[in-house]
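Coordinate analysis (summary)
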Amino acid sequence: YCAAKFGYDLAKRHTNMEDLDWIAAIGVTGDMCTPYWQEFIQKVYKKLNIEPDPDPFNTKLGKVAEYISHAESYDYKNSKISYQILYNAKSPDDILNSELKQFFQAIEDDIQSYLNNFEDKAEIHEELNLAFLEVTSNFSIKSSISTLLSLRHPHTTLIIYQVEDNIVQLSARRHDKKLAVNDLLEAATK
């Protein structure tokens with residue numbers, strides 16, 4: 001139950017939220033929860049005349065989720081800007097035509113470079129279905145990369161990391177859920 005849908009469902013118990021369902025759908029998409037909320041997502045797509053796609057990030061709502069994520073990856077302080085734009089938006093187009101576009105464009109090539117060169121840049125252990133990838137970007141893109149790579153490599157445990165000032169930051173995913181990466185990371189810290 002992702003936070004966006006949970007908040008939407010709680011609020012709609014007390015007031016009419018139909019005009020804001022698209023915002024909850026952006027959160028559902030960004031949290032990769034569309035398989036669990038298909039009926040809700042399809043209703044929003046139909047209402048907004050959005051063509052469904054097997055990859056929800058190829059839809060208008062998916063692009064908005066990426067704009068917000070990339071803005072925060074560019075600089076975590078942009079979460080305030082993202083909030084204000086989302087708060088004032090009347091439709092997904094308002095967000096796609098906002099200043100968030102500049103952050104998306106600034107780091108999308110960086111993200112795509114890691115995605116397209118994963119096999120060359122990663123330390124891959126096929127026998128363990130495990131891969132490590134160091135990100136050396138100036139932006140905090142490890143979470144976006146791990147999410148997108150997990151869609152491409154669902155049966156691989158992905159450990160994406162950045163080292164900054166002798167501190168290692170990790171983002172881990174295993175899309176097929178055959179291994180709980182939270183348990184793996186907890187055990188690794190012991």
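Refer to the preceding data block for the structure.
Let me begin by describing the structure that accompanies this report. A quick note: this is a predicted structure, and the numbers were derived from the prediction, not measured. Position numbers for residues count from 1 along each chain, tracking the sequence in the order it is written. Two thresholds apply to this predicted model, a pLDDT of at least 70 for residue-level local features and 80 or more for giving and counting side-chain atom pairs, whereas whole-chain, interface and lining totals are computed over all residues. Computation of side-chain values covers all heavy atoms of the structure but excludes hydrogens and water.

**Some words on the overall build of the protein chain**
Each helix and strand counted, the protein chain has 10 helices and 4 strands in total. Comment: elements are numbered from the N terminus, with helices defined as DSSP H or I runs of at least four residues and strands as E runs of at least two. In sequence order, the secondary structure elements of the protein chain are arranged as α-α-α-α-α-α-α-α-β-β-α-β-β-α. Expected size for 190 residues packed as a compact globule is a radius of gyration near 16 Å; at 18 Å, the protein chain falls within 12% of this value. Considering only C-alpha atoms, the protein chain reaches an extent of 50 × 35 × 30 Å along its principal axes. Counting every position in the protein chain, which comprises 190 residues, the buried fraction comes to 41%. Note on areas: Shrake-Rupley with a 1.4 Å probe; residue coverage comes only from the protein chains shown. Here the protein chain displays about 11,400 Å² of accessible surface, and carbon together with sulfur accounts for 49% of that area. By the counting scheme adopted, Arg and Lys are positive, Glu and Asp are negative, and His together with the chain ends is not counted. Taken as the charge centre is NZ of Lys, CZ of Arg, CG of Asp or CD of Glu, depending on the residue. Of the side chains in the protein chain, 20 bear a positive and 29 a negative charge, and the two mean positions are spaced by 7 Å. Between the two quantities, the radius of gyration covers C-alpha atoms and the globule rule is 2.2 Å times the number of residues to the power 0.38. Classification of residues uses two cut-offs on accessible area relative to the type maximum, computed with a 1.4 Å probe and protein chains only: under 20% is buried, over 50% is exposed, and between them is partly exposed.

**A short note on the sheet that holds strand E4 (residues 167-173)**
In this analysis, strands are considered paired if DSSP registers two or more bridges between them. Read across the open sheet, the 4 strands follow the order E1-E2-E3-E4; overall the sheet is mixed. Two strands lie at the open edges of the sheet, namely strand E1 (123-125) and E4, each paired on one side alone. This sheet shows a mean twist of 15° between the axes of neighbouring strands, independent of strand direction. In this sheet, E4 lies alongside strand E3 (residues 157-164) in antiparallel orientation, the contact comprising 7 bridges. Within E4, the residue paired with Ile 159 across the bridge is Ala 172. Note on method: axes are straight lines fitted to C-alpha atoms, helices fitted across the in-contact stretch only, with angles between N-to-C directions ranging 0 to 180 degrees.

**Regarding the pattern of salt bridges**
A carboxyl oxygen of Asp or Glu within 4 Å of a side-chain nitrogen of Lys or Arg is what we treat as a salt bridge. The tally for this structure, following the rule as stated, stands at 7 salt bridges. The partner of Asp 9 in a salt bridge is Lys 12, with the nearest N and O atoms 3.8 Å apart. The exposure class of Lys 12 is partly exposed, given its relative accessible area of 42%. Glu 66 is paired through a salt bridge with Lys 63; the nearest N and O atoms lie 3.2 Å apart. Residue Glu 66 and its partner Lys 63 are both found in helix H4 (residues 60-74); the two are separated by 3 residues, about one turn of the helix.

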